[in-house]
Amino acid sequence: MTSKHEHYYVPAQSAWPIVGALGLFLIAYGAGTYVSQLKSDGGHGSYVLLAGIAVILFMLIGWFRNVIHESMSGLYSPQMDRSFRQGMSWFIFSEVMFFAAFFGALFYARMVAVPWLGGASNNAMTNEVLWPGFSAGWPLLKTPDGTETQAMGWNGLPLFNTIILLTSSITLHFAHLGLEKGKRTALTLWLGLTILLGLAFLILQGEEYVHAYTELGLTLQSGVYGNTFFLLTGFHGMHVTLGTLFLLVLFFRVLKGHFSAERHFAFQAGSWYWHFVDVVWLCLFVFVYVL
């Protein structure tokens, strides 16, 4: 008696993981070096950072190309589909933990460090010793050396970007519905509109940073408020950039006739990631801009 076994495709050894690890190392080293050298001539950190970004883009193009080829060749079984779903789920979970660490730093600064420095919890002399004349409050608009800045308001560009991202989640949902119903024209239009909204968000965030640096005096050197503001919004902007690239790849695949109503996990994975990025922005908007 013979039994049928579901085949499981095992890809050949690939260099892309180590290439990606190298790119991430260059980004981490370059970004750290660049920030530490901001008050000097900038040094070589910016060049290393750009090199790391270039390596990551090269890795993404090559790895995406290989996976797309394998998928379109019919090498993937339903078991592989389940593996992809589990992998994407764990990846998004790791991203949740990533942002949880930064939100945790923000809450610690606001709820623990600042009140303690202001003399809370029977430490009435703390601010007189560490920071004479310090007044506890958030956001901190003055650094120990006397540098003053202004807080970024929630209205204006941040509010517009919130509306843009919320709208992009809706348009991407309509694109997904078009794919499931076999409406390729609607799929293409809604997905293209989602990409345009993502690009609009990035452009407006760039304008917001220019406004912060030139008019508000809000920079990475603006104490703990400036640090947390740019780390949280900057890393989120990086995720929006990657998400937009992800959707752009899906858009070109749609134009080539890829995906069907039954098999389209790559599209679904991109949708998961984009909705996750939108949820993170909502948390950012509330805890960084509004409160």
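Residues numbered from 1 in each chain as written. Predicted model: local features only at pLDDT ≥ 70, side-chain atom pairs only at ≥ 80, totals over all residues. Heavy atoms only, no water.

1. Quick notes on the packing of helix 3 (residues 78-117) against helix 7 (residues 223-255)
Taken N-terminus to C-terminus, the directions of helix 3 and helix 7 make an angle of 165°; their axes are 9 Å apart at the nearest point. When the axes of helix 3 and helix 7 are compared, the pair comes out roughly antiparallel. Considering the relative orientation of helix 3 and helix 7, their crossing is left-handed. Each of Met 88, Glu 95, Phe 98, Phe 99, Phe 102, Phe 103, Leu 106 and Ala 109 in helix 3 lies in contact with helix 7, whose residues at this interface are Val 224, Thr 228, Leu 231, Leu 232, Phe 235, His 236, His 239 and Phe 246. When its residues are assigned to classes, the contact of helix 3 with helix 7 shows twelve nonpolar, three polar and one charged. (Axes fitted to C-alpha atoms, helices over the stretch in contact; angles between N-to-C directions. Helix = DSSP H or I, 4+ residues; strand = E, 2+ residues; numbered from the N terminus. Parallel < 35°, antiparallel > 145°, perpendicular 65-115°, else oblique. Left-handed = near helix turned anticlockwise from the far one by under 90°. Contact = heavy atoms within 4.5 Å. Nonpolar A, V, L, I, M, F, W, Y, C, P; charged D, E, K, R; others polar.)

2. Considerations on helix 8 (residues 265-290)
Spanning 26 residues, helix 8 covers 36 Å between terminal C-alpha atoms, matching the ideal 38 Å at 1.5 Å per step. At Leu 284, helix 8 is bent by approximately 25°, the largest bend along its length. (Expected span 1.5 Å × (residues − 1). Bend = angle between axes of the 7 residues up to and from the residue.)

3. Thoughts on the side chain of Arg 110
Tracing the backbone shows Arg 110 in helix 3. The charged side chain of Arg 110 is buried without a salt bridge, its nearest counter-charge being Glu 208 at 14 Å. Within the structure, Arg 110 has its side chain in polar contact with the backbone oxygen of Leu 291 (distance 3.5 Å). Residues in contact with Arg 110, not counting those within four places in the same chain, are Pro 115, Trp 138, Phe 287 and Leu 291. (Buried < 20%, exposed > 50% of the residue type's maximum accessible area, 1.4 Å probe, protein only. Lys, Arg positive; Asp, Glu negative; His and termini not counted. Salt bridge = Lys/Arg side-chain N within 4 Å of Asp/Glu carboxyl O. Polar contact = N/O pair within 3.5 Å; in protein donor to acceptor, adjacent residues only side chain to side chain.)

4. Description of helix 5 (residues 157-180)
Between its first and last C-alpha atoms helix 5 spans 35 Å; for 24 residues at 1.5 Å apiece the expected length is 34 Å, and the two agree. One or two residues past the end of helix 5 sits Gly 182, with phi positive at roughly 75°.

5. Considering the packing of aromatic side chains
The description of two aromatic rings rests on the distance between their centres and on the angle between their planes. The final tally for this structure, using the stated rule, is 28 aromatic pairs. When the ring of Trp 16 is compared with that of Phe 58, the centres are 5.4 Å apart and the planes differ by 65°; the resulting orientation is edge-to-face. Here Trp 16, found in helix 1 (residues 16-36), pairs with Phe 58, found in helix 2 (residues 45-72); they are 42 residues apart in sequence, far enough to count as distant. Assessed through its relative accessible area of 13%, Trp 16 is described here as buried. Summarising the aromatic geometry, the rings of Tyr 76 and Phe 84 are spaced 5.2 Å apart at their centres and angled 65° between planes, so their arrangement reads as edge-to-face. Ring-pair connections join several aromatic residues into one group, and the members of that group are Trp 154, Phe 201, Tyr 209, Tyr 213, Tyr 225, Phe 229, Phe 230, Trp 281, Phe 285 and Tyr 289. (Phe/Tyr/Trp six-rings, centres within 6.5 Å; stacked < 30°, edge-to-face > 60°.)

6. With respect to the packing of helix 5 against helix 8
Contact pair helix 5 / helix 8: the axes reach a minimum separation of 10 Å and the direction vectors enclose 160°. By the angle between their axes, helix 5 is roughly antiparallel relative to helix 8. Relative to helix 8, helix 5 is oriented so that their crossing is left-handed. Contacts between helix 5 and helix 8 involve Pro 158, Leu 159, Asn 161, Thr 162, Leu 165, Leu 166, Ser 168, Ser 169, Leu 172, Ala 175, His 176 and Leu 179 on the former and, on the latter, Phe 267, Gln 268, Gly 270, Ser 271, Trp 274, His 275, Asp 278, Trp 281, Leu 282, Phe 285 and Tyr 289. Within the contact of helix 5 with helix 8, the residues separate by chemical class into 13 nonpolar, nine polar and one charged.

7. Some words on the nonpolar core
In this structure, Met 152, Leu 191, Leu 218, Phe 229 and Phe 267 are the most contacted members of the largest nonpolar core, which totals 44 residues. Elements with a minimum of two residues in this core: helix 3, helix 5, helix 6 (184-216), helix 7 and helix 8. When sequence neighbours within four positions are dropped, the list of residues in contact with Phe 267 reads Leu 172, Ala 175, His 176, Leu 179, Leu 187, Leu 191, Leu 250 and Phe 259. Listed in part, the seven residues of the second largest apolar core include Val 48, Val 55, Ile 56 and Met 59. (Core = buried A, V, L, I, M, F, W, Y, C linked by side-chain atoms within 4.5 Å.)

8. Section: the side chain of Glu 208
Tracing the sequence through the fold places Glu 208 in helix 6. Among residues more than four places away in sequence, those in contact with Glu 208 are Met 152, Leu 157, Pro 158, Asn 161, Phe 229 and Tyr 289.

9. Notes on a nonpolar patch on the surface
Taken together, Leu 50, Ile 53, Leu 57, Met 238, Leu 242, Leu 245, Leu 248, Phe 252 and Leu 255 make up a surface patch of nonpolar side chains, about 750 Å² in accessible area. No other element matches the six residues that helix 7 contributes to the nonpolar patch. Counting through the fold element by element, Leu 57 comes out in helix 2. Since its relative accessible area comes to 36%, Leu 57 is described here as partly exposed. (Patch = residues over 30% accessible without salt bridge, like charges linked within 9 Å, V, L, I, M, F, W, Y side chains within 5 Å. Areas by Shrake-Rupley, 256 points an atom, 1.4 Å probe, with all protein chains shown as cover.)

10. Concerning the confidence of the model for the chain
One rule of thumb: low pLDDT means the predicted coordinates there are not for detailed reading. Averaged over the chain, the pLDDT score is 85; the fraction of residues at 70 or greater is 89%. Mean pLDDT per element in the chain: helix 4 (residues 126-130) is the minimum at 62, and helix 5 is the maximum at 93. (pLDDT = per-residue confidence, 0-100.)

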